[in-house]
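Read off the chains here:
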Amino acid sequence: MSFNQLHTDLTKGIKRPIRSRKHVISVTPEEFNYFHEMYFKDFNLHQDFEFVVQKKDKEKIVFMLRYYYNLWIEIDELSIKIAKNFPTIFLVTAPINKSNHPHCPEEFKKGTLLYLSNSRYATCNWLEGVPLWKDKDKVKGTDLIPSCQINYAYIRPKI
């Protein structure tokens, strides 16, 4: 999914619910239309979009934007900013190791640069983090780029 797909869905609406059995959350077409009227009426395809959300709607909107559309969003209390372009380079803001990322095969020190590695074959819980890796090199003999889910609290986009 993407920023463009969000724009298309806001224009045309959705026909089926956006749901996750794992996270036990769902956004119905009716709720989606409500969110469009409440928050996305002035959505512009050509620039970042910022809005203030009501506390009761925050969880579902964050779910929809991160999990379904895989968008980079910055959250400050009830203010949400959606980046038009998903960042591709991230800076580690706190050490990443087995104690806070048990699935990560390596440790990454604060200040390390990590690169977006969004492979169709990798798994990532987009509600918690994004698939990143230390370089963009493919695994020898394949077209695969390694990745590991790094949680949002440990990274920020490199500007």
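Right, let's walk through the structure included here. Residue numbers here run from 1 along each chain, matching the order of that chain's written sequence. Local features in this predicted model are restricted to residues whose pLDDT is 70 or higher, and side-chain atom pairs enter the listing and the counts only when it is 80 or higher, whereas totals over whole chains, interfaces and linings include all residues. No hydrogens and no water enter the side-chain calculation; it runs on all heavy atoms of the structure.

1. With respect to the packing of aromatic side chains
Geometry of aromatic contacts follows a simple scheme: Phe, Tyr and Trp rings, the Trp one being its six-membered ring, pair when their centres are within 6.5 Å, and the pair is stacked under 30 degrees between planes, edge-to-face over 60, tilted otherwise. Applying the stated criterion across every chain, the model contains 17 aromatic pairs. Centroid distance Phe63 to Tyr67: 5.1 Å. Interplanar angle 20°. Geometry classified as stacked. Placement of both Phe63 and Tyr67 in helix α3 (residues 55-68) is noted, with a separation of four residues, approximately one turn of the helix. The cut-offs for exposure are 20% and 50% of the maximum accessible area for each residue type, with area from a 1.4 Å probe on protein chains only; residues under the lower value are buried, those over the upper are exposed, and the others partly exposed. Since its relative accessible area comes to 29%, Tyr67 is described here as partly exposed. Ring plane angle 75° and centroid distance 5.8 Å describe the contact between Phe86 and Trp126, whose orientation is recorded as edge-to-face. One end of the pair, Phe86, is in the loop between β5 (79-82) and β6 (89-92); the other, Trp126, is in the loop between β7 (113-116) and β8 (129-133), and 40 residues separate them in sequence. When its relative accessible area of 10% is taken as the criterion, Trp126 is described as buried. Per the convention used, a helix needs a DSSP run of H or I reaching at least four residues, while a strand needs a run of E reaching at least two, with both numbered from the N terminus.

2. Some points on the environment of Tyr34
Considering the arrangement of structural elements, one finds Tyr34 in helix α2 (residues 29-38). By the convention used here, residues are in contact when the closest approach between their heavy atoms is within 4.5 Å. In contact with Tyr34, other than residues within four places in its own chain, are Gln54, Lys56 and Asp57.

3. A closer look at the nonpolar core
One recurring pattern in soluble globular proteins: nonpolar side chains tend to sit buried together. The biggest cluster of nonpolar side chains holds 26 residues, and the ones touching the most others in it are Phe40, Phe51, Ile61, Leu65, Ile80 and Ile82. Counting residues per element, the ones that place at least two in this core are α1 (3-12), β2 (25-27), α2, β3 (49-52), α3 and β5. In terms of residues, this core owes the most to one element, α3, which gives five residues. Here Ile82 is in contact with Phe3, Leu6, Phe40, Asp48, Phe49, Phe51, Leu65, Leu71, Trp72 and Ile73, once residues within four sequence places are set aside. By nonpolar core we mean a set of buried residues, namely Ala, Val, Leu, Ile, Met, Phe, Trp, Tyr and Cys, connected to one another through side-chain atoms within 4.5 Å.

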